[in-house]
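# Notes for the structure review
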Amino acid sequence: MKVEKIMVVGAGQMGSGIAQVCAQAGYTVTLNDLKLEFVERGLGVINKNLSRNVEKGRLSADEKEEILSRITPSTSLQDAQAADLVIEAAVENMDIKTKVFGQLDELAPEHAILATNTSSLPITEIAAATNRPEKVIGMHFMNPVPVMKLVEIIRGLATADEVYQEIEDITKRIGKVPVEVNDFPGFVSNRILMPMINEAIYTLYEGVATKEAIDEVMKLGMNHPMGPLTLADFIGLDTCLYIMETLHEGFGDTKYRPCPLLRKYVKAGWLGKKSGRGFYVYE
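Residues numbered from 1 in each chain as written. Predicted model: local features only at pLDDT ≥ 70, side-chain atom pairs only at ≥ 80, totals over all residues. Heavy atoms only, no water.

This part covers the packing of aromatic side chains. Under the criterion given, the structure shown has five aromatic pairs. Geometrically, the ring pair formed by Tyr-202 and Tyr-205 is edge-to-face, given 6.2 Å between the ring centres and 70° between the ring planes. In this pair, Tyr-202 and Tyr-205 both sit in helix α7 (residues 189-205), three residues apart, roughly one turn of the helix. Measuring from ring centre to ring centre gives 5.0 Å for Tyr-265 and Phe-279, while their planes differ by 35°; the resulting arrangement is tilted. Of this pair, Tyr-265 sits in helix α11 (residues 260-268) while Phe-279 sits in the segment after α11, placing them 14 residues apart in sequence. Put simply, the rings of Tyr-265, Trp-270 and Phe-279 touch in pairs and so form one group of aromatic residues. The side chain of Arg-173 reaches across the aromatic face of Tyr-27, ending 3.9 Å from its centre. The ring of Trp-270 is capped by Arg-277, whose NZ or CZ atom sits 3.8 Å from the centre of that ring. (Phe/Tyr/Trp six-rings, centres within 6.5 Å; stacked < 30°, edge-to-face > 60°. Helix = DSSP H or I, 4+ residues; strand = E, 2+ residues; numbered from the N terminus. Lys NZ or Arg CZ within 6 Å of the ring centre and 35° of its normal.)

Listed below in structure tokens is the structure:
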């Protein structure tokens, strides 16, 4: 089976980035979201990214228009009927994802692969919402998608070998580096990253150092490009909390217990850069 048509469900930061890299690699892409304004916002981000590449001489204006012409906006999951691969990039919530996968299973053709861009939720559980668990797989892209090379590919309990191979090949074709990971909470990236961020929040909570000092230590001492508290603000504190809760629930280990300060900030609506305030204040 040759994948030619890709549908991306969710036109937010991750979904629009996934749609962009797929279109750049020559795939026909359908970018779907609940409302047309969400899809148009995603297309606007793609247009801005490509325009920047034209300014820097990485793309010609014609190439930019050609890439954009491969992306069709959509507000109906019915459009999955024409897809060979559907990549879901909806909000990180198990109830929403299983509902979407149940619908996609009914709508997408029998041969279609259903992939999820979840950053921490079990692929096996998402696959159980379908009648094709062998064709369900995890493709965890990193943010920002057009820039970051890594894609964690996660097999569910029933994922077929040929499905894994197809997704690995597609990942390479879109210019990414696939890394195979087994289906455990948080996979590799967030199982290691999130507890580090959570510990940095505890360090602030306990008054060990200021937020600036904590970030500076990790940047200068550990050569991280960005401090953990700044990174948390960029990821979104609600997302960080959700992933920590997923790890805590999945492993039942107190080392994954979310810091009370993280909970407090999320309850206050201080979600990081997207809300204008997190550990730092953004204009």
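The next subject is the UniProt feature "domain: 3-hydroxyacyl-CoA dehydrogenase C-terminal" (unreviewed entry) in the protein chain. In the numbering used here, UniProt assigns the feature "domain: 3-hydroxyacyl-CoA dehydrogenase C-terminal" (unreviewed entry) to residues 186-282. Helix makes up 63% of residues 186-282 and strand 0%, and the two end C-alpha atoms of the span are 28 Å apart. (UniProt positions renumbered as here; feature names shortened; annotations may be inferred.)

One pass over the structure, following the stated rule, counts zero disulfides. Looking at the unpaired Cys-240, the closest cysteine sulfur is the one in Cys-259, lying at 12 Å. (Disulfide = S-S within 2.5 Å.)

With that settled, the discussion passes to the domain arrangement of the protein chain. Each assigned domain of the protein chain is listed here: domain 1 (5-182) and domain 2 (189-274). The distance between the C-alpha centroids of domain 1 and domain 2 comes to 27 Å. In this assembly, domain 1 packs against domain 2 so that about 560 Å² is buried in total across both faces, 52% of it on carbon and sulfur atoms. Considering only residue class, the side of domain 1 that touches domain 2 consists of three nonpolar, four polar and two charged. (Domains from an automatic or database assignment. Buried area = accessible area lost by both parts, 1.4 Å probe. Nonpolar A, V, L, I, M, F, W, Y, C, P; charged D, E, K, R; others polar.)

Our next topic: the nonpolar core. Counting 37 residues, the largest nonpolar core has Tyr-27 and Leu-85 as its most contacted members. Ranked by the residues each element gives to this core, the list is headed by helix α1 (residues 13-24), at six residues. Counting 23 residues, the second largest nonpolar core, distinct from the first, contains Tyr-202, Leu-229, Leu-241 and Leu-261. (Core = buried A, V, L, I, M, F, W, Y, C linked by side-chain atoms within 4.5 Å. Buried < 20%, exposed > 50% of the residue type's maximum accessible area, 1.4 Å probe, protein only.)

A word on the layout of surface pockets. The volume enclosed by the second largest pocket comes to roughly 250 Å³. Taken together, 13 residues make up the lining of the second largest pocket; nearest its centre are Leu-121, Pro-122, Glu-125, Thr-246 and Glu-249. Per-element tally for the lining of the second largest pocket: the top contributor is helix α10 (residues 237-251), with five residues. Here the lining of the second largest pocket is built from residues that sort into six nonpolar, three polar and four charged. (1 Å grid on protein atoms, 1.4 Å probe; cavity = no way out; pocket = protein on both sides within 12 Å on 5 of 7 lines; lining within 4 Å. Points joined across faces, edges and corners; volume = space filled by probe spheres on them.)

As a further point, take the sheet that holds strand β2 (residues 28-32). Sheets are built from strands that pair by backbone hydrogen bonding, the pairs being arranged parallel or antiparallel. Spatially, the eight strands line up as an open sheet ordered β3-β2-β1-β4-β5-β6-β7-β8, and their pairing is mixed. Looking at which strands have only one partner, the edges of the open sheet turn out to be β3 (71-74) and β8 (177-181). When strand polarity is set aside, the average angle formed by the axes of neighbouring strands in this sheet is 25°. In this structure, strand β1 (residues 5-9) lies alongside strand β4 (residues 85-88), joined through four bridges in parallel fashion. Within the sheet, the bridge partner assigned to Val-8 lies in β4 and is Ile-87. Running over the sheet, α1 touches β1, β2, β3, β4 and β6 (136-141) and is turned about 170° from β2. (Pairing = 2+ DSSP bridges. Axes fitted to C-alpha atoms, helices over the stretch in contact; angles between N-to-C directions. Contact = heavy atoms within 4.5 Å.)

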